[in-house]
Amino acid sequence: NYAMLAHSKDSGASWSKFERVNQSLDKPWVAASGDGTVLLSWLGNPGGVKRSTDYGVTWSTPISLGYINHGTSLSFGGTGLVHMAYNTSETTVTYRRSPDYGASFESARNLSSQGTPCRSPCSPRSHPIVGGDTDPTGKVVAITWASRQQHADAEGDDDVWVIVSYDSGMTFSDPIRVNDNLNPSRQFQPWIAVDKYGAVHVVWTDLRDSGDNATYYARMTDIKLGFEPNVKVNDAGGKPASFLGDYKGIDIQGRDVVVAWPD
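Computed from a prediction, not measured in an experiment: that's the story for all the values here.

Trainee: Help me understand the pairing of strand β11 (residues 131-134), please; the structure alone is not making it clear to me.
Mentor: Sheet faces and side chains relate simply in a regular strand, where the side chains alternate between the two faces. Side chains of β11 alternate between two faces, with Gly131 and Asp133 and Gly132 and Thr134 buried alike. Direction of pairing for β11 relative to strand β12 (residues 141-147): antiparallel, over a ladder of 4 bridges. Directly across from threonine 134, in β12, lies its bridge partner valine 141. Here β11 hands over to β12 after 6 residues, with glycine 138 in that stretch at a positive phi of 85 degrees.

Okay, structure coming up:
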């Protein structure tokens, strides 16, 4: 029940020993700036975040974030910016920003209604986990989650939603639906990345194919045009188990997009 941390200064060729950093029930998250500054967040009542400036050897006093049931996302941008997104009490999509690499955080802002994730009696269940990322400058910020929303574009079941900021988190767009399926079906467990060109990339679990467990992806390069046609990533699948862990992943280097999912 502890978050353990190790670091490498030579591109992963060698590693420090693992240190016990913080007690954590689930969904600890870590982000780093590359100069020794590391942020660690965790869920709980209260959830929190704390900071290290020496690659995780010593840590600051935790900052309480209130009741967080499903974890946070952390992303570093340029000029000292840190963007942190999470849900509060499973009702709102909440955001906090740091102007100084996490030494302090501005007051929390509720950006959107969370909507209702299908947890029970749905099988598999969908927890309202919020994902977020920023481009290297910290100017383009994107946040994603899945839920049933009262929205003109909703299709009546779990959908994947994204809100985007193009001014370093000062303002955010209204929710944009990512999945383009026309049949009533569930889309959930999204994760997100923003590339250096400001394009937004999302990956998620999708049951549009006669209920088979599939992984889908979509990209948005222009918010006026919305997301491009969805792309199925996996090549084979079957009926999902009654429990699917929330373990999607996506990362981008240049124009290369890497997607990971549990099978």
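Next comes the rest of the description.
Trainee: Looking at this structure, how should I read the side chain of asparagine 179?
Mentor: Summarising the element assignment, asparagine 179 is placed in the loop between β14 (176-177) and β15 (187-194). According to the relative accessible area criterion, asparagine 179 is buried, its value standing at 3%. In terms of polar contacts, asparagine 179 uses its side chain to reach the side chain of asparagine 181, at 2.7 Å. With residues up to four places along the chain from it excluded, the contact list for asparagine 179 reads Asp159, Val160, Gln187, Trp204, Arg208 and Asn230.

Trainee: Quick question: what am I supposed to make of the sheet that holds strand β4 (residues 38-42) here?
Mentor: Hydrogen bonds along the backbone pair up the strands of a sheet, which may run parallel or antiparallel. Strand order across the open sheet formed by 4 strands is β3-β4-β5-β6, with antiparallel pairing between neighbours. Edge strands, defined here as strands with exactly one partner in the open sheet, are β3 (29-32) and β6 (63-68). The mean angle between the axes of side-by-side strands here comes to 20 degrees, regardless of whether they run parallel or antiparallel. For β3 and β4, the ladder comprises 4 bridges, and the chain directions are antiparallel. Paired with tryptophan 29 across the bridge in β4 is serine 41.

Trainee: Which parts of the structure should I look at to understand the pairing of strand β1 (residues 2-5)?
Mentor: Residues Ala3 and Leu5 point to one face of β1 and are all buried, whereas Tyr2 and Met4, pointing to the other face, are not buried. Two strands pair when backbone bridges link them, and β1 and strand β2 (residues 19-23) are joined in this way by 4 bridges, in the antiparallel orientation. Considered in β2, the bridge of alanine 3 is made with asparagine 22.

Trainee: Would you mind showing me how to read the sheet that holds strand β10 (residues 109-113) here?
Mentor: Ordered in space as β7-β8-β9-β10, the 4 strands form an open sheet in which the pairing is antiparallel. Edge positions in the sheet fall to β7 (72-76) and β10, since each has one partner strand and no second. Along the sheet, successive strands turn relative to each other by an average axial angle of 20 degrees, direction set aside. The pairing of strand β9 (residues 92-98) with β10 spans 4 bridges and is antiparallel. Bridge pairing in β10 links threonine 94 to asparagine 110.

Trainee: Which parts of the structure should I look at to understand the nonpolar core?
Mentor: Most often, soluble globular proteins keep nonpolar side chains buried together rather than apart. Ranked by internal contacts, the top residues of the largest apolar core, which has 17 residues, are Val162, Val164, Val178, Val200, Val202, Trp204 and Phe227. When residues of this core are traced back to their parent elements, those giving at least two are β13 (159-165), β15, β16 (200-206) and β17 (214-220). In terms of residue count, the dominant contributor to this core is β17 (4 residues). Residue contacts for valine 164: discarding those within four places in its chain leaves Val140, Val141, Ala142, Thr171, Phe172, Ser173, Val200, Met220 and Ile223.

Trainee: Any chance you could explain the layout of surface pockets here in plain terms?
Mentor: Empty space among the atoms becomes visible once a probe the size of a water molecule is rolled across them. Computed from the structure, the largest pocket encloses a volume of approximately 530 Å³. Contributions of two or more residues to the lining of the largest pocket are made by β7, β11, β15 and β19 (249-253). With 5 residues, β19 is the single largest residue contributor to the lining of the largest pocket. Across the lining of the largest pocket, the residue classes break down as 10 nonpolar, 7 polar and 5 charged.

What counts and what doesn't
Residues numbered from 1 in each chain as written. Predicted model: local features only at pLDDT ≥ 70, side-chain atom pairs only at ≥ 80, totals over all residues. Heavy atoms only, no water. Buried < 20%, exposed > 50% of the residue type's maximum accessible area, 1.4 Å probe, protein only. Helix = DSSP H or I, 4+ residues; strand = E, 2+ residues; numbered from the N terminus. Pairing = 2+ DSSP bridges. Polar contact = N/O pair within 3.5 Å; in protein donor to acceptor, adjacent residues only side chain to side chain. Contact = heavy atoms within 4.5 Å. Axes fitted to C-alpha atoms, helices over the stretch in contact; angles between N-to-C directions. Core = buried A, V, L, I, M, F, W, Y, C linked by side-chain atoms within 4.5 Å. 1 Å grid on protein atoms, 1.4 Å probe; cavity = no way out; pocket = protein on both sides within 12 Å on 5 of 7 lines; lining within 4 Å. Points joined across faces, edges and corners; volume = space filled by probe spheres on them. Nonpolar A, V, L, I, M, F, W, Y, C, P; charged D, E, K, R; others polar.

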